[in-house]
Amino acid sequence: MLDRVNTARTTPHTRLSVPVEVRDLRPQDLPACSWSGSPTHVRHVADELDRAAAGEVDYLAVCTPAGVPVAIGGVDYAPRPDAGTLWQLAVLPALQSCGLGTLLIGAAEDRIAARGLHRAVLAVEDDNPRARALYERLGYRAFGRELDTWDEEGPDGEIRRHEAMCTLLGKDL
Ligand SMILES: CC(C)(COP(=O)(O)OP(=O)(O)OC[C@H]1O[C@@H](n2cnc3c(N)ncnc32)[C@H](O)[C@@H]1OP(=O)(O)O)[C@@H](O)C(=O)NCCC(=O)NCCS
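Once a new chain begins, its residue numbering starts again from 1 and follows that chain's sequence as written. The predicted origin of the model limits local features to residues at a pLDDT of at least 70 and limits the giving and counting of side-chain atom pairs to 80 or more, whereas totals for whole chains, interfaces and linings rest on all residues. As a convention, hydrogens and water are excluded, and side-chain values are obtained from all of the structure's heavy atoms.

Engineer: Can you lay out the site of the ligand for me, pointing to particular residues and giving the numbers?
Structural biologist: The ligand sits among 17 residues. The nearest are Gln 96, Gly 99, Gly 101, Thr 102 and Arg 130. The definition of a polar contact used here is a pair of N or O atoms within 3.5 Å, where within protein one atom must be able to donate a hydrogen and the other to accept one, and adjacent residues in sequence count solely through side-chain atom pairs. Gly 101 places a main-chain nitrogen or oxygen 2.7 Å from an oxygen atom of the ligand. Ala 131 places a polar main-chain atom, nitrogen or oxygen, 3.3 Å from a nitrogen atom of the ligand. Method for areas: the Shrake-Rupley scheme with a 1.4 Å probe, in which residue coverage is limited to the protein chains shown. Protein chains bury 73% of the 810 Å² of accessible surface belonging to the ligand in isolation. Whether a residue is near a molecule or strand is decided by its heavy atoms; if any one of them lies within 4 Å of it, the residue is near.

Structure follows, in structure tokens:
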């Protein structure tokens with residue numbers, strides 16, 4: 001929705017406000033989530049939706065009025081008995097730095113609280129200082145470190161193992 005209606009002329013900076021909905025990610029959304037990572041990653045997300053159906057995780061999507069996911073991410077309840085672990089947070093690159101990540105994290109924290117838990121935890125890679133700055137701005141504090149490993153499909157179709165040192169951040173809800 002345009003705050004100011006422009007007819008013949010356009011201004012270089014016109015502000016648009018678009019209503020978005022936060023809901024559970026569904027299997028039928030996955031073809032529209034290829035921006036979130038490689039085909040291997042999207043297959044992993046599909047596996048996580050099976051776990052969501054079993055109640056082991058929450059997997060959320062921020063969607064446009066057309067129902068298209070522009071930010072996705074999960075909360076895993078398995079790693080820690082006393083906290084929800086946020087992971088696989090991703091915002092459509094063209095819409096990063098517009099507040100969608102903040103909205104998604106707030107919704108994830110609400111899901112954790114709704115399960116009667118009072119702590120949110122996440123891991124951020126050491127080479128992602130902008131994401132870490134966002135989490136710290138939202139109240140997350142460092143409490144440890146861990147090595148993260150995952151498999152990723154390269155452009156040649158080869159599966160390669162990756163690893164990265166991460167800082168663990170936590171927030172009491
Ligand atoms: C990190 C991320 C989820 C944040 O969502 P977002 O919608 O961009 O965040 P918001 O608009 O609510 O907040 C903006 C802040 O997010 C961080 N951020 C923004 N763009 C980013 C990017 N491309 N990569 C990493 N962090 C980013 C910055 O701290 C930014 O503040 P700044 O604009 O003052 O630098 C999103 O940028 C993203 O998907 N990045 C790429 C994937 C990633 O790094 N995932 C996190 C893994 S732990």
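What follows continues from the structure just given.
Engineer: How would you sum up a nonpolar patch on the surface? Please name residues and give values.
Structural biologist: Residues Leu 16, Val 18, Val 20, Val 22 and Leu 103 make up a contiguous nonpolar surface patch of about 380 Å² in total accessible area. Within the secondary structure layout, Leu 103 lies in helix H2 (residues 100-114). Residues enter patches when they are more than 30% accessible in relative terms and free of salt bridges; like-charged ones are connected within 9 Å and nonpolar ones (Val, Leu, Ile, Met, Phe, Trp, Tyr) within 5 Å. In the sections that follow, a salt bridge refers to a side-chain nitrogen of Lys or Arg positioned within 4 Å of a carboxyl oxygen of Asp or Glu. Strands here mean DSSP runs of E at least two residues long; helices mean DSSP runs of H or I at least four residues long; both are numbered from the N terminus.

Engineer: Let's hear about the layout of surface pockets: which residues, and what values?
Structural biologist: Size it by volume and the largest pocket reaches roughly 1800 Å³. Contributions of two or more residues to the lining of the largest pocket are made by helix H1 (39-53), strand E4 (84-91), H2, strand E5 (119-125), helix H3 (129-137), strand E6 (141-153) and strand E7 (159-172). The element contributing the most residues to the lining of the largest pocket is E4, with seven residues. Any residue with an atom within 4 Å of a point lines the site, the site being either a cavity, points on a 1 Å grid over the protein atoms alone where a 1.4 Å probe fits but cannot get out, or a pocket, an open set with protein on both sides within 12 Å along at least 5 of 7 lines. Grid points are joined across faces, edges and corners, and a volume is the space filled by probe spheres set on the points. Its boundaries defined by the atoms lining it, the second largest pocket holds a volume of some 290 Å³. Around the second largest pocket, the lining residues are Leu 16, Ser 17, Val 18, Val 20, Thr 64, Val 70, Leu 95, Cys 98, Gly 99, Leu 100 and Leu 103.

Engineer: Mind laying out the nonpolar core, listing which residues take part and the relevant values?
Structural biologist: By size, the foremost hydrophobic cluster in this structure holds 23 residues, and its most contacted members are Leu 86, Ile 112, Tyr 135 and Tyr 140. Residue assignment for this core shows that the elements contributing at least two residues are strand E2 (57-63), strand E3 (69-76), E4, H2, E5 and H3. Looking at which element gives the most residues to this core, the answer is H2, with six residues. We call two residues contacting when some pair of their heavy atoms lies within 4.5 Å. What Ile 112 contacts, discounting residues up to four positions off in sequence, is Val 75, Tyr 77, Gly 84, Leu 86, Leu 117, Arg 119, Ala 120 and Leu 173. By nonpolar core we mean a set of buried residues, namely Ala, Val, Leu, Ile, Met, Phe, Trp, Tyr and Cys, connected to one another through side-chain atoms within 4.5 Å. Type-normalised accessible area, obtained with a 1.4 Å probe on protein chains alone, sets the label of each residue: buried when under 20%, exposed when over 50%, and partly exposed for intermediate values.

Engineer: Tell me what's going on with the pattern of salt bridges, and back it up with residues and numbers.
Structural biologist: Considering all chains together, one arrives at 13 salt bridges under this definition. The residue Asp 126 makes a salt bridge to Arg 145 at a minimum N-O spacing of 2.7 Å. Here the residue Asp 126 occupies a position in the loop between E5 and H3, and Arg 145 occupies one in strand E6, the gap between them amounting to 19 residues. Exposure remark for Asp 126: the relative accessible area of 43% places this residue in the partly exposed category.

Engineer: Give me the lowdown on H2, citing residues and values where you can.
Structural biologist: To estimate the expected span of a helix, count its residues, drop one, and scale the result by 1.5 Å. The terminal C-alpha atoms of H2, which comprises 15 residues, lie 21 Å apart, in line with the 21 Å expected from a rise of 1.5 Å per residue. Within H2, the full set of buried residues consists of Leu 100, Gly 101, Leu 104, Ile 105, Ala 107, Ala 108, Glu 109 and Ile 112.

Engineer: Provide a residue-level description of the state of the cysteines, including the pertinent values.
Structural biologist: Two cysteine sulfur atoms make up a disulfide if the distance between them is within 2.5 Å. Under the counting rule described, the total for this entry stands at zero disulfides. Cys 63 takes part in no disulfide bond, and the closest cysteine sulfur to it belongs to Cys 33, at a distance of 8.0 Å. For Cys 63, a relative accessible area of 1% puts it in the buried group.

Engineer: Could you give an account of unusual backbone geometry, with specific residues and numbers?
Structural biologist: Of note in the backbone geometry, Gln 88 takes a positive phi value of approximately 55° without being a glycine. Within the fold, Gln 88 resides in strand E4. A positive phi angle is found at Ser 97, which is not glycine, with a value near 70°. Among the structural elements, Ser 97 can be located in the loop between E4 and H2.

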